[in-house]
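The lines below spell out each chain.
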Amino acid sequence: MTVRALAAPAPPTPAAPTPTPAPPTPAAPGRPQLEATPGRVGESARRPDGIPKVKGQFAFSSDLWADGMLWGRTLRSPHPAARIRAVDTTAAARIPGVRAVLTAGDVPGKPCYGLEHADQPVFAGDVIRYQGEAVAAVAADHPEIAWRAAQAIAVDYEPHEPLTDAEAAITAPPIHPDGNVFRHLTITRGDPDATGDVTVEGTYEVGMQDQAFLGPESGMAIPSDDGGVELFISTQWLHVDRDQVAACLGLPVDRVRLTLAGVGGAFGAREDVSLQVHVCLLALKTGRPVKMVYSREESFFGHVHRHPARMSYRHTATRDGELVKVEARLLLDGGAYASSSTAVIANAACFAAGPYRVPNAVVDGWVVRTNNPPCGAMRGFGAVQACFGHESQMDKLAAALGVDPVELRLRNALRGGDELITGQRLTGTAPAREVIEAAAAHPLPPPPDPDADPMALPGGAGLTAERADVRRGVGFAVGFKNLMYSEGFDDYSTASVRLEEGPDGRPLATVHCAAAEVGQGFVTLAQQIVRSELGVERVVLRAADTQVGSAGSTSASRQTWMSGGAVQAACVAARDALLRRVAQARGVDFQGARRQLLTLRDGEVVHVEGVFRVPLVEALGGRPVEEVREYRHAPTLPLDDRGQGDAHVSYAFAAHRAVVDVDPELGLVRVVQIATGQDVGRALNPLQVTGQIEGGIAQGLGLAVMEEIVVTDGRVRNPSFTDYLIPTALDMPEVLATLIEQPEPGAPFGAKGVGEPPTISSTPAVVAAIRAATGLPLTRVPVSPEDIALARP
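Scoring rules and cut-offs
- Residues numbered from 1 in each chain as written.
- Predicted model: local features only at pLDDT ≥ 70, side-chain atom pairs only at ≥ 80, totals over all residues.
- Heavy atoms only, no water.
- Buried < 20%, exposed > 50% of the residue type's maximum accessible area, 1.4 Å probe, protein only.
- Helix = DSSP H or I, 4+ residues; strand = E, 2+ residues; numbered from the N terminus.
- Arc of directions from axis to C-beta.
- Contact = heavy atoms within 4.5 Å.
- Disulfide = S-S within 2.5 Å.
- Axes fitted to C-alpha atoms, helices over the stretch in contact; angles between N-to-C directions.
- Parallel < 35°, antiparallel > 145°, perpendicular 65-115°, else oblique.
- Left-handed = near helix turned anticlockwise from the far one by under 90°.
- Nonpolar A, V, L, I, M, F, W, Y, C, P; charged D, E, K, R; others polar.
- Phe/Tyr/Trp six-rings, centres within 6.5 Å; stacked < 30°, edge-to-face > 60°.
- Lys NZ or Arg CZ within 6 Å of the ring centre and 35° of its normal.
- Expected span 1.5 Å × (residues − 1).
- Domains from an automatic or database assignment.
- Buried area = accessible area lost by both parts, 1.4 Å probe.
- Salt bridge = Lys/Arg side-chain N within 4 Å of Asp/Glu carboxyl O.
- Polar contact = N/O pair within 3.5 Å; in protein donor to acceptor, adjacent residues only side chain to side chain.
- Pairing = 2+ DSSP bridges.
- 1 Å grid on protein atoms, 1.4 Å probe; cavity = no way out; pocket = protein on both sides within 12 Å on 5 of 7 lines; lining within 4 Å.
- Points joined across faces, edges and corners; volume = space filled by probe spheres on them.

**Considering helix α11 (residues 432-441)**
Along α11, the residues that are buried comprise A432, V435, I436, A438 and A439. Angular distribution of buried residues about the axis of α11 spans 165°; they occupy a single face of the element. Against the buried residues of α11 lie α10 (405-412), β20 (471-483), β28 (650-663), β29 (668-679) and β32 (734-741).

Laid out in structure tokens, this is it:
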């Protein structure tokens, strides 16, 4: 096992700046993206898109432009529940500069789309199921004209009472032909009647969190000569977008071609279709390029959010603190349409007991349809909600037993070979104990300084807190989550690698993979893998598009494993093809164990016994080598009717310790420090791993103390970054991180995905620290100032 302690790591020595082309423009789909700095697996190679992004030179999807371009705009319902009696587009169509106005009757193919279930209309035709549902779309010469035209569409609504209570939705009359219950599952493990010496119960709630990416939804569609369409889009899953768009357009998939445009963050919200179908319909209707860019307010209505949750728990343990049984009921509000809700509740249920040995469990999981905003994927995918519940319970149990909360967690932590509540045995690495010990081992911050800068106090620049009133608290939490897709899903990724002589006479490797780069750093990692496998320094990464096989979604912490595995497999195939060619030309046996005699090293084909060394360009002889490979992980199985089965591939663990300062009178909180230990398998790029840890902690902190979409009677009250608060640099604490490196068997290079675990247990750690400082139960996140100040006697 390797342990790396990281805190504000120094950047690698800068190389000479190399201009990095922006993502492809409509005029140049598939244009290569060249590397900026060298680096191989295990090194902290710099991102090729990092400097252009910092300098404002990177082209995001909102920067797309084409000659003759029109602007699209969507009309959305102001009501969360209504009947549409009539839609009149006459006035909008008469506005000068308006080129198209489309409604439900103008959709030529399937009228509905959906990530897993096609239950969401392209345009609402007769029923409105949530505030912000699309009713019509327009294309015009100028964005202001498009806005005016959308406002000119007359819609006769008949509003009615929305169904907004998730509990009531289970038995309420259905608001959709598919019913109100997206999924109900139970997990039963061991003896459901088992008893212990100590029992604690609690009910917990998680609010609706937004992904709050900085780049709003945007894209451009261009009609093609074959009657199809080219779509340049910021998304997480090009091929699933293509399939849904093609179905709604009534076109074969080969006439709908998608290219990834620059993505300004995602975190799950870009996994679902937003404007893709609308902008393509407008382009095909007008015969001209059409661009759509959501405003920040529209973005809040245009994508899914994290599921709000209500969770009831009962934990039973022996007097020695060994868990005997966990009982839980989880209720998630999926909003109006299915998205990925069925998978989210499965995750929440599977991880409801936490990373602990639990011999007996009864988990009842529900996710339902309401007239609230649709919810779907967000970083942590169900494990976030469950972690707040089970970690709150572990603290409550520790208090009831009179033991240290960290010691209680260590006593029950999972180990390799243990069985989960689903009956699945942990066959890979499971360093739950190690991450707990690593997080706890970090030094605590010094005591509060009486003469500290007021900015360091809760409330910061508000200058409201008095040092004498501030209380400090420390909290701890542990979480875990699956990696990749589960329950029998055919999860795979495709990559091609081409090895040839470059224009400058040097060896050049070109990678083509549809993995969406959403900020996680796959563009860096793919190049590191190629350099390591082929010994070639010049690596070109082609634009991600649908002209290569699917890479799956950039979600579920899967791209390092899946697309990294595909790139590695294609590299190995290309290397073997070239070595076989050289062996034949040189009369060398290249069968069986003799294959090991030839290798690629530093731009040469090398016979390891010193027989010959051939420059790579000479070995190629003007004939490129190109190989395409698909990579699949080990198969998984659906859960059975008792919630048992080998549903997941691998697991990643993380622990967090939070230190907070609280002004109880004002309810203000400042997070002073977060220390973490994280299971990473093997760190393929330690600097990028650190970035993922810090970014994930920021979102976990946000959910703990500030981030919530406030929905009242189905209406969103804060669709702006003025009223929906997210952490800034001033809110971020000191972060101390230890990477636990235990290479995962079967994973490419032994690496695990690292993007989600930082978000999962950082939230309950912060809340536990606030509880420690205030003595309040705090059973709901985010914790507001009112929850602290008004709860005091």
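Text resumes after the structure shown.
**With respect to the pairing of strand β15 (residues 256-260)**
Within a regular strand, the side chains alternate between the two sheet faces. Extensive coverage of β15 is indicated by the burial of five of its five residues. Side chains V256, L258 and L260 of β15 all project onto a buried face; the interleaved residues R257 and T259 project onto the opposite face, where all are buried too.

**Describing the state of the cysteines**
Defined simply, a disulfide is a covalent bond joining two cysteines at their sulfur atoms. Considering all chains together, one arrives at zero disulfides under this definition. The closest cysteine sulfur to the non-disulfide-bonded C350 is located on C387, 15 Å from its own sulfur. Looking at the unpaired C571, the closest cysteine sulfur is the one in C513, lying at 11 Å. According to the relative accessible area criterion, C571 is buried, its value standing at 0%.

**Some details on the packing of helix α5 (residues 238-249) against helix α6 (residues 276-286)**
Where α5 meets α6, the axes come as close as 10 Å, and the angle between the chain directions of the two elements is 45°. By the angle between their axes, α5 is oblique relative to α6. Here the hand of the crossing between α5 and α6 comes out right-handed. Each of D241, V245, C248 and L249 in α5 lies in contact with α6, whose residues at this interface are Q276, V277, C280, L281 and L284. Class assignment for the residues of the contact of α5 with α6 results in seven nonpolar, one polar and one charged.

**Thoughts on the packing of aromatic side chains**
Going through the model one piece at a time under the given rule, you end up with 14 aromatic pairs. A ring pair is formed by Y204 and F388, whose centres lie 6.1 Å apart and whose planes are at 80°; its orientation type is edge-to-face. Placement of Y204 in strand β12 (residues 198-206) and of F388 in helix α9 (residues 383-401) is noted, with a sequence separation of 184 residues between them. Judged by relative accessible area, which is 2%, Y204 ranks as buried. Taken together, F351, F480, Y651 and F653 form an aromatic cluster joined through their ring pairs. One Lys or Arg, R558, reaches over the ring of Y485 and ends 5.4 Å from the middle of that ring. Above the face of the F612 ring, R586 is positioned so that its terminal group lies 4.9 Å from the ring centre.

**Some remarks on α5**
Under the 1.5 Å per step criterion, the end-to-end length of α5 is 16 Å for 12 residues, consistent within 8% with the ideal 16 Å. Residues L238, H239, V240, D241, R242, Q244, V245, A246, C248 and L249 constitute the buried set of α5. Remark: G250 follows α5 within two positions and exhibits a positive phi of approximately 70°.

**Here's the deal with the domain arrangement of the protein chain**
Segmenting the protein chain into domains produces domain 1 (70-161 + 216-263 + 270-302), domain 2 (305-486 + 638-789) and domain 3 (492-632). Each side of the interface is counted separately: domain 1 has 21 residues, and domain 2 has 26 residues. In total, about 1,900 Å² of surface goes out of reach between domain 1 and domain 2, with carbon and sulfur atoms giving 56% of it. Across the contact surface, domain 1 and domain 2 share one salt bridge. Its salt-bridge partner being D119, residue R369 comes within 3.1 Å of it at the nearest N-O pair. At the junction of domain 1 with domain 2, the criterion picks out 11 residue pairs in polar contact (both at pLDDT 80 or more). The leading source of residues in the side of domain 1 that touches domain 2 is helix α7 (residues 296-302), at four residues. Considered class by class, the residues forming the side of domain 1 that touches domain 2 number nine nonpolar, four polar and eight charged.

**Quick look at the side chain of Q385**
For Q385, the location among the structural elements is in helix α9. Apart from the residues within four sequence positions on either side, Q385 is in contact with V206, R306, H307, A309 and M311.

**Things to note about the sheet that holds strand β25 (residues 604-607)**
The strand order β24-β25-β26 describes an open sheet built from three strands, whose pairing is antiparallel. Unpaired on one side and paired on the other, β24 (598-601) and β26 (613-615) mark the two borders of the sheet. Each neighbouring strand pair of the sheet contributes to a mean axis angle of 25°, computed without reference to strand direction. Alignment of β25 against β26, held across three bridges, turns out to be antiparallel. Among the inter-strand pairings, V605 is bridged to a residue of β26, identified as V614. Contacting β24, β25 and β26, helix α13 (residues 559-586) crosses the sheet at an angle of about 120° to β24.

**What to know about the layout of surface pockets**
Considered as a void within the structure, the second largest pocket measures approximately 690 Å³ in volume. In this structure, the second largest pocket is lined by 28 residues; those nearest its centre are V669, V705, M706, L725 and D731. Listed by contribution, the elements that provide at least two residues to the lining of the second largest pocket are β29 and α15 (686-705). Classifying every residue of the lining of the second largest pocket by side-chain character gives 18 nonpolar, six polar and four charged.

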